[in-house]
Amino acid sequence: RISELAKKAGCTVESIRFYENHDLIPRPPRTESNYRVYGPAHLSRLLFIRHCRSLDLSLNEIRTCLLYTSPSP
């Protein structure tokens, strides 16, 4: 769930939704009851984004970094 991911990553639910809306974190699959299901890759990506933000990188700079660090689908 999104609240569990937020707690593990040390951020807010709103931050996760923000990053999803800006296509920095892939949208997770949902359960039949419409809960988001996050996996280890989501946590890893979120921690990477938070580290980049701590270095004052912009969203566009983070997006560029993700192009070079993320495996191809």
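Below: a short report on this structure. Worth saying up front: this structure is predicted, and the values here are computed from it rather than measured. Sequence order as written defines residue numbering, which begins from 1 separately in each chain. Side-chain atom pairs in this predicted model are given and counted only at pLDDT of 80 or more, local residue features only at pLDDT of at least 70, and totals for whole chains, interfaces and linings cover all residues. Working from all heavy atoms in the structure, the side-chain values ignore hydrogens and water.

Let's talk about unusual backbone geometry
Residues other than glycine seldom take positive phi values, yet asparagine 34 does so here, at roughly 75 degrees. Assignment of secondary structure puts asparagine 34 in the loop between helix H2 (13-21) and helix H3 (40-54). Positive phi is not limited to glycine here, since aspartate 56 has a value of about 65 degrees. Every helix listed is a DSSP run of H or I at least four residues long, and every strand listed is a run of E at least two residues long, numbered separately from the N terminus. Mapped onto the fold, aspartate 56 is located in the loop between H3 and helix H4 (59-69). When accessible area is computed with a 1.4 Å probe and restricted to protein chains, residues below 20% of their type maximum are described as buried, those above 50% as exposed, and intermediate ones as partly exposed. In this structure aspartate 56 comes out as exposed when scored by relative accessible area, which is 67%.

Focus: the environment of alanine 9
Position of alanine 9 relative to the elements: it lies in helix H1 (residues 2-9). Each C-alpha atom of the pair alanine 9 and threonine 31 lies 22 Å from the other, and the pair is 22 residues apart in sequence. Note on contacts: a residue pair is in contact if any heavy atoms of the two residues lie within 4.5 Å. Dropping the residues within four chain positions of it, alanine 9 is found in contact with Leu43, Leu46, Leu47 and Arg50.

Brief notes about the nonpolar core
Among buried residues, those of type Ala, Val, Leu, Ile, Met, Phe, Trp, Tyr and Cys that are joined through side-chain atoms within 4.5 Å constitute a nonpolar core. By size, the foremost hydrophobic cluster in this structure holds 17 residues, and its most contacted members are Ile16, Tyr19, Leu24, Leu46, Ile49 and Ile62. When residues of this core are traced back to their parent elements, those giving at least two are H1, H2, H3 and H4. Examining the composition of this core, we find that four residues originate from one element, H1, more than from any other. For leucine 24, the contacting residues outside a window of four places in its chain are Tyr19, Arg45, Ile49, Leu59, Ile62, Arg63 and Leu66.

A closer look at the environment of arginine 63
Its location among the elements puts arginine 63 in helix H4. You can call arginine 63 partly exposed: its relative accessible area is 29%. Sequence separation between arginine 63 and cysteine 11 is 52 residues, and the spatial gap between their C-alpha atoms is 19 Å. Discounting chain neighbours no more than four positions away, the residues touching arginine 63 are His22 and Leu24. Here a polar contact is taken to be a pair of N or O atoms separated by no more than 3.5 Å, where protein atoms must pair a possible hydrogen donor with a possible acceptor and residues adjacent in sequence count only if both atoms sit in side chains. Reaching out from arginine 63, the side chain makes a polar contact with the side chain of asparagine 60 at a distance of 2.9 Å.

Keep in mind these numbers describe shape, not what the thing actually does.
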